[in-house]
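These are the residues of each chain, in order.
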Amino acid sequence: MGLATAVPLVAATPATGQTPSSPPTPIPGFTAKSSAWQRAYEKELSAIPSAANARLLDAELAREPAVAGTTGDWHRVQRIVRELRSYGLKPEVKTYYTYLSRPKRVSVEMTAPERRVLPVKESKQPWQKYYDDIIPGYNGLSPSGNVEGEVVYANYGRPEDFALLAKNGISLKGKIALVRYGQVFRGVKPAQAAKAGAKAVIIYSDPANDGFIRGTVYPQGPWRASDGIQRGSVGQMMYAAGDPLTPGWPSTKHAPRLKPSQAPELQGLIPTTPISYGAAEPLLRALDGAQVPKEWQGGLPFPYHFGPGGTRVHLDLQSDFITTPIWDVTVRIPGAERPDQEVVLGGHHDAWAYGSLDNLSGTENVLQVARALGKLQKRGWRPDRTVVLATWDGEEYGIYGSTEYAEEHEKQLRNAVAYVNMDIAAGSEFSPSATPALDQSVIDASKEVAWPGTDGTLYDAWKQQNNGQTPIDRIGGGSDFQPFFQRFGVPAMDLGASSPGSSGNYHCTCDDFYSTDRFGDPTWEYHAAMSRLAGIATLRLANADVIAMHYQPYASETVGYLNDFTTEQRKKLGTVAVDVSRDVAQAQAWERAAQSIQTQADMALAKGDTAAFRSLNDRLIRAERDLLTNAGLPARPWYRHQIYAPGLDTGYATQRLPGLHDALFLKNDPATARAYEARLYNSLQAATRSLTL
């Protein structure tokens, strides 16, 4: 187990419900002997993360805003490096040179029925330092523009919203679309508005979604105040992640770069800016036209109308587009037995303002695990596989730092066991996502963590909050798992947690230490608990004799997706244009192979057959990679995973079978869909072979 002989064995604590005389049940993926060591060190690791340390870290790291590539971001990087060195670790700072935008001028003026300059930044609170360094409400990568025109309210800015406007005879041509945040990724909204003919977009946060309708607002409560603005990028991350000018290769200092006009992430955009619901209120109140349907009505105290007419707005949005350094911080703890196999634990450190929750909570989880591993390493402990601890930069602009790292380490990642992501990872409500192969690993780790405010574990609280279920979402878009999982096929889990009201401070100046300390996690115990979860999940992947990846439920879900695809064809097209019956049969064969390899793994673990472990692990690691296609997905070759991708019309939500779906239902191209059916069939065959001796 990678333990120096000088380290004394610590007796493992029996599991709940077992007598001290009965041998504890082995941890999935571990022999009985290895389980004793693993439990002992999980116990020691779990004793190290603390609420007090979490609070101190946040108070220090959240002092200063840290937009990617800024002075504040560099200061945050230096603080993280000092912390890691204090744990006896050797952090490396890697610089990438990425394409960003910086706001020079953000002006939003109502010009009719009256003139009113609208605020573009929140009010300063007495405890907020470096306030002048906070950027105004701003959408990263939005084109510059000086635009004036009539306003049309377009609900959430989804395709179906613009379709309803067209059905009602309301044209967006030459208009400014006013849309509310929610339902889909913000970058979808300007892209859809542009298709409908709009020349600019204003995105506001409606109180029905995260403001006073939901509860007490900041600074008296966690929900969004009337001046709270949600910043964020509108880069088209549905088409690629990372630096827009280097899709598929790392953005090193002298890397070749596309022209911005060639970059998939920058296409189809129009000038876009966010405002608060306080600023949106006069715009909405003055709109003429028919009253909107009930489902379009927001939380402001008057009937909403479609427009146009009544309200006009002048937008003056000017930005500098620059290639500038950003900084990832990584630590490698080499494995004693399989140093070539890696488990990566990561979370991003950049933020649109202070970023106490998003994502210093995740960064602090990584640091608390680093502190624990540093202490254990001083005692002579090493993991069996290499553990990489990372805090990424530039996630908020478009998953920059993690993508550039993954693209630079492509060969190294071929043997990566898994990626564990921590993004918004502290609060009472647990909300994980994962590849199906790692579902049980998430569940098993949750049973080992005491949950604050309860007498039980995270697993118990998770079930109680979800009517006895343990829901695990499938990986879609929006965080640093994307390059690892969706481009390079590294199995991934995202361990998220937040408290009621957390959405109210999303990408706002109110996402600060004050808010977390009073509303998000006043005891800071959820931070410590999530650090323990991250540590246990990572160590189990790093130390398992046979990696606990279960492909049987994965294959079963894939059968369901394929059957749903056929049903959707009949519903939408009235016929089956793409026959996936052979894919269903192959997925069922994959399921049988998965059951067989699980039986083999269980037998090898029971016997302690170490000679079988290496082959089993190599096959299990390979199976997720088999689901990639080198051709990439239709119209977005950066994405390679054929089972899961971000939805083109949703951005964050998971699209299942994206090659088939996108080609047939979005592109109306049965021939291309059939080509992707063949690729999928070949991948399912390969996955079956990988799990078959």
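The structure displayed is predicted, hence computed values, not measured ones. (Residues numbered from 1 in each chain as written. Predicted model: local features only at pLDDT ≥ 70, side-chain atom pairs only at ≥ 80, totals over all residues. Heavy atoms only, no water.)

## Regarding the packing of helix α8 (residues 356-378) against helix α16 (residues 525-543)
For the record, the criterion: The angle between two axes is taken between their N-to-C directions and runs from 0 to 180 degrees, where each axis is a line fitted to C-alpha atoms and a helix contributes only its stretch in contact. Strands are runs of DSSP state E lasting at least two residues, helices are runs of H or I lasting at least four, and both sets are numbered from the N terminus onward. For this classification, under 35 degrees means roughly parallel, over 145 means roughly antiparallel, 65 to 115 means roughly perpendicular, and everything else is oblique. Handedness of a crossing is defined here by the sense of rotation of the near helix relative to the far one, left-handed for an anticlockwise turn of less than a right angle and right-handed for a clockwise turn. What makes two residues a contact is simply this: any of their non-hydrogen atoms within 4.5 Å. Lys, Arg, Asp and Glu make up the charged group, whereas Ala, Val, Leu, Ile, Met, Phe, Trp, Tyr, Cys and Pro make up the nonpolar group; the residues left over, Gly among them, are polar.
α16 packs onto α8 with a crossing angle of 60° between their chain directions and a minimal axis gap of 9 Å. Our classification of the angle between α8 and α16 gives oblique. Like other packed secondary-structure pairs, α8 and α16 cross with a definite hand, here right-handed. Of α16, the residues touching α8 (which contributes S361, E364, N365, Q368, V369 and L373) are H527, A528, M530, S531, A534, G535 and L539. In the contact of α8 with α16, the residues fall into 6 nonpolar, 6 polar and 1 charged.

## Some details on the environment of R257
Here is the rule we go by: Relative accessible area decides the class of each residue, using a 1.4 Å probe on protein chains only: under 20% of the type maximum gives buried, over 50% gives exposed, and in between gives partly exposed. In protein, a polar contact means a hydrogen-donor-capable atom and an acceptor-capable atom, both N or O and within 3.5 Å, with residues adjacent in sequence counting only if both atoms are side-chain atoms; elsewhere, any N or O pair within 3.5 Å suffices.
With respect to the helices and strands, R257 occurs in the loop between β7 (232-233) and β8 (272-275). What makes R257 partly exposed here is its relative accessible area of 27%. The sequence separation of R257 and P244 amounts to 13 residues, and the corresponding C-alpha distance is 8.8 Å. Not counting residues within four places of it along the chain, the set of residues in contact with R257 comprises Y97, D243, L245, T246, S251, T252 and T323. A polar atom in the side chain of R257 sits 2.6 Å from the backbone oxygen of Y97. Here T252 takes part through its backbone oxygen, which lies 3.2 Å from a polar atom of the side chain of R257.

## A short note on the confidence of the model for the protein chain
Selection rule: Note: pLDDT gives the predictor's confidence per residue, expressed from 0 to 100.
Averaged over all residues, the pLDDT of the protein chain is 95; the fraction at 70 or higher stands at 97%. Every residue in residues 1-21 is under pLDDT 50, and counting partners more than four places away or in other chains gives 41 contacts.

## Quick look at the environment of Y652
With respect to the helices, strands and loops of the structure, Y652 is situated in the loop between β17 (644-646) and β18 (654-656). When the C-alpha atoms of Y652 and G477 are compared, they prove to be 4.2 Å apart, with 175 residues separating the residues in sequence. Discounting chain neighbours no more than four positions away, the residues touching Y652 are F185, R186, G476, G477, G478 and Y506.

## Remarks on the pairing of strand β4 (residues 145-153)
Remember that side chains alternate between the two faces of the sheet whenever the strand is regular. Cut-off, in case you're wondering: Here the rule is simple: two strands pair whenever DSSP picks up at least two bridges between them.
Of the strand pairs in this sheet, β4 and strand β9 (residues 312-333) are connected by 6 bridges, and their pairing is antiparallel. Following the sheet pairing, N146 is matched in β9 by D316. The pairing of β4 with strand β5 (residues 176-180) spans 3 bridges and is classified as parallel. Note that in β5 the partner of Y153 across the bridge is L178.

## So, the nonpolar core
Here is the rule: Note on terminology: a nonpolar core comprises buried Ala, Val, Leu, Ile, Met, Phe, Trp, Tyr and Cys residues joined through side-chain atoms within 4.5 Å.
Core analysis: the largest hydrophobic core is formed by 182 residues, its most contacted members being L284, L373, L389, L495 and Y551. If you tally residues by element for this core, the top one is α16, at 10 residues. Core analysis: the second largest hydrophobic core is formed by 13 residues, M237, A240, A241 and A645 among them.

## So, the packing of aromatic side chains
For clarity, the cut-off: Only the six-membered ring of Trp is used, alongside the rings of Phe and Tyr, when aromatic pairs are assigned; centres must lie within 6.5 Å, and planes under 30 degrees apart are stacked while those over 60 apart are edge-to-face, with the rest tilted.
Scanning the model with the defined rule gives 31 aromatic pairs in all. Ring geometry for Y153 versus W296: centroids 5.8 Å apart, planes at 85°, classification edge-to-face. Note that Y153 is positioned in strand β4 and W296 in the loop between α7 (277-285) and β9, a separation of 143 residues in sequence. Summarising the burial analysis for this pair, Y153 and W296 share the class buried. Ring centres of W296 and F306 lie 5.3 Å apart, and the angle between their planes is 80°; on these two criteria the pair is classed as edge-to-face. Separated by 10 residues along the polypeptide, W296 in the loop between α7 and β9 and F306 in the loop between α7 and β9 bring together distant segments of the chain. Considered together, W296 and F306 belong to a single accessibility category, that of buried residues. Taken together, the ring pairs connect F485, Y551, Y554, Y561, W590 and Y644 into an aromatic cluster.

## Here's the deal with the pattern of salt bridges
Our working definition: Note on definitions: salt bridges are taken to be side-chain nitrogens of Lys or Arg within 4 Å of carboxyl oxygens of Asp or Glu.
Summed over the entire model, instances satisfying the criterion amount to 28 salt bridges. D517 is the salt-bridge partner of R55, the closest N and O atoms lying 3.0 Å from each other. A residue pair is termed long-range when its members are at least 10 positions apart, and R55 in helix α2 (residues 51-61) and D517 in helix α15 (residues 513-520) qualify at 462 residues. Assessed through its relative accessible area of 38%, R55 is described here as partly exposed. For D517, a relative accessible area of 14% translates into the label buried. The partner of E109 in a salt bridge is R115, with the nearest N and O atoms 3.1 Å apart. Each of E60, R63, E64 and R79 takes part in salt bridges that share partners, so that together they form one network.

## Section: the side chain of R224
You can see R224 is positioned in the loop between α6 (207-210) and β7. For R224, a relative accessible area of 0% puts it in the buried group. Among the polar contacts listed, one links the side chain of R224 to the backbone oxygen of S503, at a separation of 3.3 Å. One polar contact links the side chain of R224 to the main-chain carbonyl oxygen of Y506, over a distance of 3.1 Å.

## Considerations on helix α1 (residues 32-46)
Under the convention used in this document: An expected span of 1.5 Å times one less than the residue number is assigned to each helix.
Helix length check: α1 (15 residues) gives 21 Å between terminal C-alpha atoms against 21 Å at 1.5 Å per residue, within 8%. Counting buried positions over the 15 residues of α1 gives 11, a clear majority of the element. Looking at the buried positions of α1, the neighbouring elements they touch are α8 and α16.

## Thoughts on α15
Buried within α15 are the following residues: F513, Y514, S515, T516 and D517. Looking at the buried positions of α15, the neighbouring elements they touch are α2, α8 and α16.

## As for unusual backbone geometry
Omega for the peptide link from Y218 to P219 comes to 10°, which places this bond in the cis form. Its place among the elements puts P219 in the loop between α6 and β7. P308 follows G307 through a cis peptide bond whose omega is -5°. Along the polypeptide, P308 turns up in the loop between α7 and β9. Positive phi, close to 50°, is recorded for N668, a residue that is not glycine. Locating N668 in the fold gives a position in the loop between α20 (658-666) and α21 (670-690).

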